[in-house]
Amino acid sequence: DGYKGEAGVYDAALVDAPCTATGTGRRNPDVMMFGCGEGRKKRDAKVLEECVETQRRLFREAANAVKSGGCVVFATCSMLKEEGEEQVRWILEEWG
């Protein structure tokens, strides 16, 4: 249910966020039929929205755990703009 430790303790954090995994479709075509993470739901707008919200929650938790001036690396294996470019835009707007 999220990071429960002290804020600002770590120099860096890696967020290897659960995603729709669209970037792995060539190696694993079955993944193109399913949604975020291990949930194995049919992909639809609601599943994508859940993925995006989960990714943002994980990023917020990581950002709060990292010291001021620290580094948070955000990674997904998705080719969707909502999980890539739009997440980066959100991160820059929220955390600048």
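Use the structure listed above.
### Remarks on the overall build of the protein
- Helix and strand content of the protein: two helices and two strands.
- Traced from its N-terminal end to its C-terminal end, the protein shows the element sequence β-α-β-α.
- Within the protein, buried positions represent 29% of all 96 residues.
- Intrachain contacts of the protein at a sequence separation of at least 6 include 65% that bridge at least 24 residues.
- Total accessible area on the protein stands at roughly 6400 Å², and carbon and sulfur atoms take up 51% of it.

### Looking at helix α2 (residues 85–95)
- For α2, the complete set of buried residues consists of Gln 87, Trp 90 and Ile 91. Projected down its long axis, α2 carries its buried residues within an arc of 100 degrees, all on one side. Relative to its buried face, α2 has exposed residues pointing more than 90 degrees away, namely Leu 92 and Glu 93.
- Elements in contact with the buried residues of α2: α1 (45–65) and β2 (66–75).
- Immediately downstream of α2, the backbone of Gly 96 shows phi near 35 degrees, a positive value.

Definitions and limits used
- Residues numbered from 1 in each chain as written.
- Predicted model: local features only at pLDDT ≥ 70, side-chain atom pairs only at ≥ 80, totals over all residues.
- Heavy atoms only, no water.
- Helix = DSSP H or I, 4+ residues; strand = E, 2+ residues; numbered from the N terminus.
- Buried < 20%, exposed > 50% of the residue type's maximum accessible area, 1.4 Å probe, protein only.
- Contact = heavy atoms within 4.5 Å.
- Areas by Shrake-Rupley, 256 points an atom, 1.4 Å probe, with all protein chains shown as cover.
- Arc of directions from axis to C-beta.

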